[in-house]
Each structure stands twice: as C-alpha cells, then as structure tokens.
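The primary structure of each chain is shown beneath.
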Amino acid sequence: MGDMTNSDFYTKNQRNDSNHAGGFGCSLMELRSLMELRGTEAVVKIQEDYAGVEGLCQRLKTSPTEGLAGDAIDLDKRKEVFGQNLIPPKKPKTFLQLVWEALQDVTLIILEIAAMISLGLSFYQPPGEGSESCGTANAGAEDEGEAEAGWIEGAAILLSVVCVVLVTAFNDWSKEKQFRGLQSRIEQEQKFQVVRGGQVIQLPVSDIVVGDIAQIKYGDLLPADGVLIQGNDLKIDESSLTGESDHVRKSADKDPMLLSGTHVMEGSGRMVVMAVGVNSQTGIIFTLLGAGGEEEEKKEKKGQALEDGHQLADCSHPSSHPIATIATDGAASANAPGNTSLVNGKMQDGNMENNQTKVKKQDGAAAMEMQPLKSAEGGETDEKEKKKANVSKKEKSVLQGKLTKLAVQIGKAGLVMSAITVIILVLYFAIDNFVLQKRPWLPECTPVYIQYFVKFFIIGVTVLVVAVPEGLPLAVTISLAYSVKKMMKDNNLVRHLDACETMGNATAICSDKTGTLTTNRMTAVECFVADVHYKEIPDPSSIPAKTLETLVNAISLNSAYTTKILPADKDGGLPKQVGNKTECGLLGLVLDLKRDYQTVRNQIPEEKLYKVYTFNSVRKSMSTVIKLPDGNFRMYSKGASEIILKKCSFILNEVGESRAFRPRDRDEMVKKVIEPMACSGLRTICVAYRDFSGDPEPNWDDENNILTELTAICVVGIEDPVRPEVPDAILKCQRAGITVRMVTGDNINTARAIAIKCGIIHPGEDFLCIDGKEFNRRIRNEKGEVEQERIDKVWPKLRVLARSSPTDKHTLVKGIIDSTLVDQRQVVAVTGDGTNDGPALKKADVGFAMGIAGTDVAKEASDIILTDDNFSSIVKAVMWGRNVYDSISKFLQFQLTVNVVAVIVAFTGACITQDSPLKAVQMLWVNLIMDTFASLALATEPPTESLLMRKPYGRNKPLISSTMTKNILGHGVYQLIIIFTLLFVGEQIFDIDSGRNAPLHSPPSEHYTIIFNTFVMMQLFNEINARKIHGERNVFEGIFRNPIFCSIVLGTFAIQIVIVQFGGKPFSCSPLDLEKWMWCVFLGLGELVWGQVISTIPNSKLRFLRGAGRLTQKDEMTAEEEMNEDQEEIDHAERELRRGQILWFRGLNRIQTQIEVVNTFKSGTSFQGALRRQSSTTSQNQDSAKSPGLRVQPTK
C-alpha cells in the first residue's frame, strides 16, 4: 500500500515536471529533493543551482520582504502545483464496522447463540411430543396450544441484542464524530504569521502555500518546510524528526533548512516555504506509513528499526485507531506537525522514562515467563507490547482503573451466579424426572429435553446479562463526552478525555502569574529616569533630550518588530496590544512620552539590525546591536532590573551625562526604587545601552564580555493588574481543598504582592515565598542532586516560587507528585504558556495551556487548553471533573441496586420455582433501561456550585462510598421484599391465577406481569433517588435543570405501558387493568419514601460497609511499577493467566527437583550437587516469576 501511494506521487509529479510546474521556476520534485539536504551541502546547492535564497524566491515568484501578493488565482495555482498544507486524515470507521465491534461483546455472543438454539428447536416438532412419558418438568410458560409461538422468545432475544448493539455502535459513532469535530477545531485554531503583500497576517496553517514568507519566532511549531532567509540567534529542537535532543543552530549561511513539525526554541527569523502537506518532511513520513497501521505492522515484523523507528510507529498510531489515540496523544492526529512533535513531546523527561521502562521490561519478563503467553496467543502479545511501548500515555486514569476493577469483580460474581443457576435447574430437572419419577430417557424425547436445557441455559445467561454492568463504560463515555462538549462553553478545550475527570481529583494547582492570574495587559506606570523616581509617567519636557532620545531608540529597536500597539477595535476601548506584552508596555511608555516608535523602526528596518541576542529563560534579557553611521556599534539591552543593573557600570544623570554606577549605588537603588516598585506589584524592567568601537570589531559570540559595563538609561515599573475574577476563583479552590501555588519568573517582591492581591497567601499564615535560587539550595544535596525528602520539607508550605526557571517548575511538580508525605498521592494541575513549560505540563496530571498567549509547544504538551487564558476557567474544569465522578457514582448506585435485585430474584426464583420470574426478554429491557437510558439520564446532570464545597476524593478512595453502599443495600432489601411477597403470595393479594409452576407452553400470566411491572416501576423511582449520592434529603432538587433526565424517565414509563399492555407473548406480559397498574406505581413510589428512611440511618452504625471498587495500597503501586503496568496494561484475565503460569512453573520446578533427588539417590552421586543445581534452577524460575505486572509489595 505504501509503495503504491509513493509511486502515485511520483507519477503525478513527473507530469508536473514536464512543463516546469505551471510556470514556476522549480518543480515539486526539485524542492522535495532540496529539502532532504542538510547543513552546508544545502547552502552550496542553493548557491550553485539557484544563486542563493533570493534566486529561489524569484523562481517561486515571491519577494523575500513583501511575500506573496495573495491574489486567489495565484494561491489556487500554487495549491494545485505544490499541494495543500494538509495531511489527509485516515477514513473514520464506518457505522457497520462499529456495529461489528459492538457485536464482539461476550455476553451478547452467548445470548445470540442461546437465542439461535432456542429458535432452531422451536421449529423442530419432535415425534414423541404428545407422549406423557417425556416428563412434565414444570418449567414454565409454554404449552402445546401455543407451540407455534415458541419461536417468539428466541426472536425477541435477538431483537433486543440488535437494540443493544445499535445503541452502542451509535454512541461510538457519535463519539468519534465529536472527536473529529474537536480535532478540526484544534487545527483551525492553529494559526501562523505570514507576510502577504507586505503585511504580516495570521493564517490558518492549512492555508499556507509554497512561496509564502513565514515569520517564525520563539515557541512556534513549524507548519511547513522552508529555507531561512534571515534569522536572529535561531535554535530549533528537531528531536521530533531526528531523535537528537540537542537544539540545532540555524543561520542563513550555515544551515538554513527548517523542517515541519520541529520547534523553535530560541530566536526569530523569516523563512520561505518550500514544501507543504504530504511533500514536507513530516508528510513524507506519514505517507510512508500509509497513514495507517497495516504498513507499520509489516515493518515491525521485518524489524526495520529506522533511526527514528519508535517515532514512526508512534505517529502512525494516531491515524490507525482514532479514538484510542485521541485519548492518549491529544487530538492532533490529523495535522502532521502536531503528531510528530507529540512523539517526542515528552521532551527530555520522556526519553528517560522510556529507557527505564525498556530496561525494566527486559529484566522483569524473563524469556521463560513470556514464552507460553506468546505461543498461546500467536505472537499477538508481541505486537501489543510494541504498540503499548510506543504510545507515550500518561498512566491510566484513576477512574478507569477503579471501574475496570469493579466491572471485573461484578462480572465474576455474575458468572458464578449464572453457572450455579443453570446447574441447579438442570440437576433439579434431571433428579425430578429420572430419579424420583424413574422415567427412562427415551430417544424420541431427546429434543424435548434439549428444549428444556436450552431454556435453562437462557435463564442462566439472562442472570449473567443482568449481572454484568455493560452500561459502565457507556456511562463513563457519555459523561465525559457530555462534559467535554459543555466545557467548550466554559473556555476549556479538552484534548485528552481523561484529563476532564482527573481535574476533579486535583489537590494542587501550580499556576503562572502573567496572563493567568493577571490580565496580561502591561502598562508602564512608574519610572526612574535621570536620577528622579517618577510615580507616574513624566512629561517629556522634564527629561533631558539626549536621555529621551536614547530611551526611545533603546525601546523601539530592541524589541521584536512584530510587537505593536494598534488602535482600539471599538471607540473608547483600550488600544490593542499585539506580540510580547512586556514589550507592549514599554512601547506604551514611548507613546506616553509623545514619541512614535514606528518612525524609529522605519529608519532602521529589521534587516539592518547587526546582531540580536534574543530573550531566553537563561539570559532573562534581550539585546540588539546596531551599526552607527560612523562605523562604531551601539548595543541596547533590556531585561529584569536586578539582572541588568548588575551589569551596569554607568548611569545617565539628571543632565543626560553618564556617571559611574558603583555596587553601593546599586544597592541603594534596589532599596529605594526597585523594592518599593516591586512591593506594589510592579514588574521592574531596566533599559541600558553600551557603545563599542568598530575597529577592531568586538567578538560578538563572547557574550560575557559584551553584556557588561552597560550604561543604565532608566528603570520602568510595569503594572499587570490582577484579573478581577481571580481572587474569587482562588477562594473557591481553597474551599474545595485545592492548594494554589504561584510559580513565576518575576521578582520575588512583585510575586508576593500579586499573591496577596489574589488571595494565594493571607498575611499571618504560615507559608513560604522563595525564589528559584533558595528553592534549589533547599532541595539539592552537596552533589547538587535533587532529593525527595528535601523537597518534602519545602512543598507543603510553599505558596510562591519566584524567579523560577522552567526546570524549577518541573522539579516542583515532580516533587509534589512523587511525594509520599500525605496518604493520598497529590494530583497536580499546572498552567503554562511558554515553550519551556513543556516538560512541566507533560509531567503534571493535568496540564493547562493558554489558548491566547500560549506557544504551540505548550499547547502540544497540554491536556486542556484555556481558550480565554483565565484562571477562573480552571475552577470550572474542577467543577466538571468532580461532576463526572459524581455522575458515574450516581449511575453505579442505581445500576448496582438493579443488579443485586435482578440477580437474586432470577437466581432464587429459578431455584425455587424452576423458572425465573423475570423472563430473558424482560431482563434485557430492564438492562436497557438501567444501562443505556440511565447512563444517559444520570451522566448528563449539570454541575452545581456545591461540588466545590467538599474536599477532593483522592486516588484511593473507593468508588462506592459507604453512603452509596447503604443506599444500594437498603433499596435492594426493599425491592426484594416486595418482589418475593408478590411472587409467593401475590396471587392471593390480587386474587388471580398463580403464575408459578405453569406448564411448558402456557400463555403469560397476570401474576408474573405484575412482578415485572412493579420491578420496573421501582427502578424508575429509584432512578430519582440515585440523583443524590451524599445522602441529601431532597432528591428532586434541580431536576428540571436536566431536561434529558426528565424526558428519559417519562419516556421509559411510556414504553413500559406499551410493553405491558401490548407486549403479549414476546415480552411474556398480559395486559393489566387500572387498579393493578395503580398498585404497581404505588409500590414504585414506596421507593422514594423508603429512600428518606434510609438516609435517616447514620453511616456510623454501618461500619461493615467498607466501599467496593477501592484501589487498595497494593494496587497503588510504586511509580516504577505503575509505569510497567502502563506499558503492559495487562488486563485481569491476562494477569490470572500469568499467575497460572507462575504456579505452573513452580509445580514443574518441584517435580523436577523431586525427580533429581530420586535420580541422585539412584545414582548415589553427591546429594549436594543436586541441591546446588536445584537452587540455581529455582532462582532462575523465581526471576521469571517476578514479572512486572506481579510484584508483591508489602502493604503499608
């Protein structure tokens, strides 16, 4: 398949070659081959063949400064010749494929088989039908009178199976559709800066064409391949393509090749786009993968380990299984750059983890351990292992873990019950007929007996169907999908489904300051210039002209030319700030001083800037060198005041002359100017300059000697006001048991002032505010290594971490997550916007990226994107997360009540009366109500503010709390009493014929219909009870806010009426009159009253109700084991299998030992030798027994 696609490309492209690609000076293939060169050979090739980048631009009919003209005909032509910047996504699964997948469900298969057999037998009229000798096991409702209706039950079961399958398939389908929508939305949101017609505009990535001039800057994810025209200090992380983690320096004269899917880590520049979509480097990899999994499996089998083998496998996954990957790899699967970057999205952190897990795998699963598994499943595990190893997914979400465990527990119980039911029925029948009545087994009676046995089997399966909560996964999916959709409205764009639910458990939020807690509208409010500290922006006349001139130039030139202040959109609004917000604040200062920065920039356009030292997290400053007309150089610098002032040796005085600036002057300045500014929450920026002689030219690469002996011009205090809604949001978090910590690059005084304004710290509390230096001093030992116990001393009280580097942020997050100080593992959410926040966002349980200010790299690493960059949206995410958890608990409470009751009724009924009072079809209907409908109704409850009034649940709190267990058992008892009363004395109460012990083909009895109807009514009213799980009294509160719930309850009621009145034979119902209906409804209503009784019983009386579905200490494995678990994700069955194997090894081992001992005695050789041999074999086998999935860990 891959080869075909490639050859297709080539043939298509050959056609284009002939006419030199529609009038452009170079063909698609030329450009493609050009982009495969690297470094100097690329430079040489461009020089020789195209006479440099300018020549290339001419051939592509574009201008390096003005860009494309942007007329539609030209753009379309370019798209036609060179392709579009899209990678065609893989076709979604069709509805039929989803139906087929839904049919794979084991219980459904069992039911289908049972129904088929039942159908087959009902059409078969055995000869000895009439003879009494075949035995009259009173096994329920069928009679010769209606023998022809025997097929109905089988058909009805099949029909209900079809219903269940269609519902499941439809759900999957709509889920996938939603995801595709989400994905395309994320793609449309990714925009890029392109120069067209001399104007810089933001274009959606998919609209970029070959020949476009793209402006690239720090934090961008490159959308297409291109050649650098001009760059400042550009460094690129190409690890997503090459696997090399070192940043690659790019410059127009040494290595100008920029590849799609790589990240700009530093600097800025302009490039001309050379290849887009399937022709870009990322795209080529995708097409090689056939945009799907089949290719990759072949490759893996052949074992072609390409250099970036593991990446390749990885980027093909997204397309090969849409849903799974979106949940794991974020929704970037259709846009190439996204994916490739995701592969190594883990950055340094991930690579380490991967290597560790690989090593672990090898030693843990010793060869001996793995062999039997492979042979049993035909190498399938091998594939699985590989695939699992490739998907770098965060650990399985807590909820999924708990649910899988619970479902397995329930399933096992159900299996046992149903097996017992079948065995009892068969034995009873056999003993009754062949032992007590001493009938011989007549050959002509065989079909009749088989019919009985099939009937028993169907009853057994019915018990199983009711016991297994298939609705669980459905409820989770619906609940998550619903929340994700609604969270969009609350400005949360969820990229990984499980992040939604993890947020509900969050115990700590590490937030950035700028833009998240503050408005990110920087305005200069104070300044210290010409030896005067102005509390507001001074009049330009009060500043010496020379100083003013220098200041205006320093700010205008030494800032990104993409940063601008535009007029307001609407009259009376604030001017629009574009680009870096701190720079906007400084440009604002220039405008306040009645000067225009644009005229200065026009005199010295960007190309004329001699050298630019761009801002990065290490320098924390930015400098620009310009060549003066007299051949000398001048460098302007700006940056955090304490950093720049350390490098200043002079300062401009009140008349604009420079005077010496000694360390003690500096200390005085810090005390008198900088600290007061910082304490009122201002960021302080220092602007400085230095002159160099042009002869000899300084060595610009020797940064330490260049960035010294500066002359300070001024210190500006820039205010970034706190967002008005933040203090309230933080208060909510604290009430909800979530600690908010502020991690910022700002100065510690500024940070503390803002933290007090936000309410993160309250004066008089015991808290820590420290800066990065102090933090590192406290957490590192003498060797400079981070020690967990040292971090444990710091983080519980830490509220503000200032002047922190990205590594500090990552260390803090990792330290909190790995901490064992508290009994609950901390669940940490982190917000970030910069490229350098990537590792911390990845490491956190939930990473929030800023939708507006965030760089592409941060968005790639995140789980949720805040489309309005606002902290209060995080609080909404917490609310939704908790709501998901609660919805699922509500559903469980409802579901388990029904399960318990239905299983017990079917079981006891079958054992005592040889016939389940609830028929297979009725059970399926009940199953449909409780699973599909209830999951819809209960999973779509909207969240309320009260969710934020309690503490987080924590990771090892059981899914089913004691209150819920009390409710489940309490309601179960009520329902069982009612149903058994009806079953055994119902006929006397209602004065009707008993339905018990009816012969084989009798019509449905009113008696059993009443039981069925009452059962359903009780479920309906109990569904209302299930809306509250914390023991609240008022179960109706807010019921009308959820129209889905109301309509489902009413709808179910209506369908129930139809089934009972007109269901007839297929549903084994006979119509009831109004009085009996009233009784059924009345008994149902009893549920609501009984619910009040139950909530009166205090939990403390019920100590024995320990929760179920709890993740015990044993399951909360240590981190390494969790990683192993993750890599392998052995499901329970497989684990049982392993356990079996280990026992088997041990058994073999013992036998071998014994044989050896016997042989030793026979041959009389030294007994010692044998023992020695034995001990060595034992130890080997023991190694193999320690498979990663199965470490035994002492419980704490």
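Rules behind the numbers
Residues numbered from 1 in each chain as written. Predicted model: local features only at pLDDT ≥ 70, side-chain atom pairs only at ≥ 80, totals over all residues. Heavy atoms only, no water. Helix = DSSP H or I, 4+ residues; strand = E, 2+ residues; numbered from the N terminus. Contact = heavy atoms within 4.5 Å. Areas by Shrake-Rupley, 256 points an atom, 1.4 Å probe, with all protein chains shown as cover. Phe/Tyr/Trp six-rings, centres within 6.5 Å; stacked < 30°, edge-to-face > 60°. Buried < 20%, exposed > 50% of the residue type's maximum accessible area, 1.4 Å probe, protein only. Patch = residues over 30% accessible without salt bridge, like charges linked within 9 Å, V, L, I, M, F, W, Y side chains within 5 Å. Salt bridge = Lys/Arg side-chain N within 4 Å of Asp/Glu carboxyl O. Core = buried A, V, L, I, M, F, W, Y, C linked by side-chain atoms within 4.5 Å. Pairing = 2+ DSSP bridges. Axes fitted to C-alpha atoms, helices over the stretch in contact; angles between N-to-C directions. Parallel < 35°, antiparallel > 145°, perpendicular 65-115°, else oblique. Left-handed = near helix turned anticlockwise from the far one by under 90°. Nonpolar A, V, L, I, M, F, W, Y, C, P; charged D, E, K, R; others polar. Expected span 1.5 Å × (residues − 1). Bend = angle between axes of the 7 residues up to and from the residue. Lys, Arg positive; Asp, Glu negative; His and termini not counted. Charge placed at Lys NZ, Arg CZ, Asp CG, Glu CD. pLDDT = per-residue confidence, 0-100.

### Examining the overall build of the protein
Turning to step 1, where the next piece is worked out: Each helix and strand in the protein was counted, giving 44 helices and 26 strands.
Turning to step 2, where the next piece is worked out: Considering only residue pairs separated by 6 or more positions, the protein has 76% of its internal contacts joining residues 24 or more positions apart.
Turning to step 3, where the next piece is worked out: Entry remark: accessible area of the protein is about 50,100 Å², with carbon and sulfur atoms responsible for 59%.

### Some thoughts on the packing of aromatic side chains
Turning to step 1, where the next piece is worked out: Going through the model one piece at a time under the given rule, you end up with 16 aromatic pairs.
Turning to step 2, where the next piece is worked out: Between the aromatic rings of Tyr-482 and Trp-880, the centroid separation amounts to 6.1 Å while the plane-to-plane angle is 70°, which identifies the pairing as edge-to-face. A residue pair is termed long-range when its members are at least 10 positions apart, and Tyr-482 in helix α21 (residues 471-489) and Trp-880 in helix α36 (residues 871-913) qualify at 398 residues.
Turning to step 3, where the next piece is worked out: Classification of Tyr-482 by relative accessible area gives buried; the value is 17%.
Turning to step 4, where the next piece is worked out: Ring centres of Phe-990 and Trp-1079 lie 6.3 Å apart, and the angle between their planes is 80°; this geometry places the pair in the edge-to-face category. Of the two residues, Phe-990 sits in helix α38 (residues 962-990) while Trp-1079 sits in helix α41 (residues 1074-1096), which places them 89 residues apart along the sequence.

### Focus: a nonpolar patch on the surface
Turning to step 1, where the next piece is worked out: On the surface, Phe-95, Val-162, Leu-166, Phe-170 and Trp-173 cluster together into a nonpolar patch covering about 440 Å² of accessible area.
Turning to step 2, where the next piece is worked out: Summarising the element assignment, Leu-166 is placed in helix α9 (residues 151-189).

### Examining the nonpolar core
Across soluble globular proteins, you tend to see nonpolar side chains buried next to one another.
Turning to step 1, where the next piece is worked out: Within the largest apolar cluster, 132 residues are counted, with the highest numbers of intra-cluster contacts made by Met-503, Ile-760, Phe-848, Phe-871, Leu-892 and Phe-1012.
Turning to step 2, where the next piece is worked out: Looking at this core, the element that brings in the most residues is α36, giving 20 residues.
Turning to step 3, where the next piece is worked out: If we skip the residues at most four places from it in the chain, Ile-760 touches Leu-517, Ile-730, Gln-734, Val-740, Met-742, Ala-755 and Arg-799.
Turning to step 4, where the next piece is worked out: Judged by nonpolar contacts, the second largest core, of 45 residues, contains Ile-46, Cys-57, Leu-234 and Leu-241.

### Description of the pairing of strand β9 (residues 508-511)
Turning to step 1, where the next piece is worked out: Of the two faces of β9, the one lined by Ala-508 and Cys-510 and the one lined by Ile-509 and Ser-511 are each fully buried.
Turning to step 2, where the next piece is worked out: One ladder, built from 4 bridges, connects β9 with strand β21 (residues 739-743); its direction is parallel. Considered in β21, the bridge of Ala-508 is made with Thr-739.
Turning to step 3, where the next piece is worked out: Pairing of β9 with strand β24 (residues 828-832), which is carried by 3 bridges, proceeds in the parallel orientation. The residue of β24 that forms the bridge with Ala-508 is Val-828.

### Considerations on the sheet that holds β9
Turning to step 1, where the next piece is worked out: Taken together, 8 strands build an open sheet; the order of strands is β8-β26-β25-β24-β9-β21-β23-β22 and the sheet is mixed. Each end of this open sheet is capped by a strand with a single partner; those strands are β8 (492-494) and β22 (768-771). Neighbouring strand axes in the sheet, compared pairwise and without regard to direction, differ in orientation by 20° on average.
Turning to step 2, where the next piece is worked out: Taken together, the 4 bridges between β22 and strand β23 (residues 798-802) define a ladder with parallel strand orientation.

### Considering the pattern of salt bridges
Proximity of charged atoms lets side chains of opposite charge pair with each other.
Turning to step 1, where the next piece is worked out: What the rule picks out here adds up to 38 salt bridges.
Turning to step 2, where the next piece is worked out: Of the charged contacts, one joins Asp-220 and Lys-217 as a salt bridge, the two residues approaching to 3.4 Å between their closest N and O atoms.
Turning to step 3, where the next piece is worked out: Among the ionic pairs, Asp-818 bridges to Lys-814, the shortest N-O distance being 3.0 Å. Of this pair, Asp-818 and Lys-814 both sit in helix α33 (residues 806-818), 4 residues apart, roughly one helical turn.

### Describing the environment of Pro-942
Turning to step 1, where the next piece is worked out: Turning to its location among the elements, Pro-942 is positioned in the loop between α37 (920-939) and α38.
Turning to step 2, where the next piece is worked out: The spatial distance from the C-alpha of Pro-942 to the C-alpha of Ser-887 is 9.2 Å, given a sequence separation of 55 residues.

### Regarding the packing of α36 against helix α39 (residues 1006-1025)
Packed helices, taken two at a time, are described by the angle between their axes plus the distance between the axes.
Turning to step 1, where the next piece is worked out: Remark: α36 packs on α39, axes separated minimally by 9 Å, with the N-to-C direction vectors making an angle of 160°. Considering their axes alone, α36 and α39 lie roughly antiparallel with respect to each other. The crossing of α36 and α39 is right-handed. In contact with Gln-893, Phe-894, Thr-897, Val-898, Val-901, Ala-902 and Thr-913 of α36, α39 contributes Tyr-1008, Phe-1015, Gln-1019, Asn-1022, Glu-1023 and Asn-1025.
Turning to step 2, where the next piece is worked out: Residue composition of the contact of α36 with α39, by class: 6 nonpolar, 6 polar and 1 charged.

### A closer look at the packing of helix α31 (residues 772-779) against α33
Turning to step 1, where the next piece is worked out: Running from amino to carboxyl end, α31 crosses α33 at an angle of 45°, the nearest separation of the two axes being 11 Å. As the angle between them shows, α31 and α33 are arranged oblique. Where α31 crosses over α33, the handedness of that crossing is left-handed. Contacts between α31 and α33 involve Gly-772, Phe-775, Asn-776 and Ile-779 from the former and Asp-808, Thr-811 and Leu-812 from the latter.
Turning to step 2, where the next piece is worked out: By residue class, the composition of the contact of α31 with α33 is 3 nonpolar, 3 polar and 1 charged.

### Structural notes on α41
Every α-helix winds through 3.6 residues per turn, so residues three or four apart in the chain are directed the same way.
Turning to step 1, where the next piece is worked out: Taking 1.5 Å per residue as the helical rise, α41 with its 23 residues ought to reach 33 Å, and the 34 Å between its terminal C-alpha atoms agrees with that figure.
Turning to step 2, where the next piece is worked out: Along α41, the helix axis deviates most sharply at Val-1089, where the bend reaches about 25°.
Turning to step 3, where the next piece is worked out: For α41, every residue scored as buried is listed here: Lys-1076, Trp-1077, Cys-1080, Val-1081, Leu-1083, Gly-1084, Gly-1086, Glu-1087, Leu-1088, Gly-1091, Ile-1094 and Ser-1095.
Turning to step 4, where the next piece is worked out: Against α38, α39 and α40 (1043-1062) lie the buried residues of α41.

### Considering the environment of Val-740
Turning to step 1, where the next piece is worked out: Positionally, Val-740 belongs in strand β21.
Turning to step 2, where the next piece is worked out: Looking at Val-740, the relative accessible area reads 1%, which means it is buried.

### Description of a positive patch on the surface
Turning to step 1, where the next piece is worked out: Taken together, the side chains of Lys-177, Lys-485, Lys-486 and Lys-489 define a basic patch exposed on the protein surface.
Turning to step 2, where the next piece is worked out: Looking at which element gives the most residues to the positive patch, the answer is α21, with 3 residues.
Turning to step 3, where the next piece is worked out: Turning to its location among the elements, Lys-486 is positioned in helix α21.

### Let's talk about helix α5 (residues 52-59)
Turning to step 1, where the next piece is worked out: Within the span of α5, buried status applies to Gly-52, Val-53, Gly-55, Leu-56 and Cys-57.
Turning to step 2, where the next piece is worked out: Lys-61 lies just past α5 and shows a positive phi near 55°.

### Some remarks on the side chain of Thr-547
Turning to step 1, where the next piece is worked out: You can see Thr-547 is positioned in helix α23 (residues 545-557).
Turning to step 2, where the next piece is worked out: Sequence-distant contacts of Thr-547, defined by excluding residues within four places in its chain, comprise Val-529, Leu-652, Gly-656 and Ile-713.

### Re the environment of Leu-37
Turning to step 1, where the next piece is worked out: Relative to the elements of secondary structure, Leu-37 occurs in the loop between α3 (28-35) and α4 (39-50).
Turning to step 2, where the next piece is worked out: Beyond its immediate stretch of four places on either side in the chain, Leu-37 contacts Ala-42, Lys-45 and Met-257.

### Topic: unusual backbone geometry
The phi torsion of most residues other than glycine is negative, and most of the peptide bonds are trans.
Turning to step 1, where the next piece is worked out: Put simply, Asp-695 and Pro-696 share a cis peptide bond, and its omega is -5°.
Turning to step 2, where the next piece is worked out: Relative to the helices and strands, Pro-696 is located in the loop between β19 (682-692) and α28 (703-706).
Turning to step 3, where the next piece is worked out: Phi at Asp-233 is positive, roughly 55°, even though this residue is not glycine.
Turning to step 4, where the next piece is worked out: The topology assignment puts Asp-233 in strand β4 (residues 225-237).
Turning to step 5, where the next piece is worked out: Overall, Asp-233 belongs to the buried group, its relative accessible area being 10%.
Turning to step 6, where the next piece is worked out: Phi is positive for Asn-491, which is not a glycine, with a value near 65°.
Turning to step 7, where the next piece is worked out: Tracing the backbone shows Asn-491 in the loop between α21 and β8.

### Considering the confidence of the model for the protein
Turning to step 1, where the next piece is worked out: With 76% of its residues at a pLDDT of 70 or more, the protein shows a mean pLDDT of 76.
Turning to step 2, where the next piece is worked out: Here residues 1-19 scores under 50 on pLDDT; set against residues more than four positions off or in separate chains, the count is 19 contacts.
Turning to step 3, where the next piece is worked out: Confidence drops under pLDDT 50 across residues 1165-1196; counting only partners more than four residues distant or on other chains, this segment forms 44 contacts.

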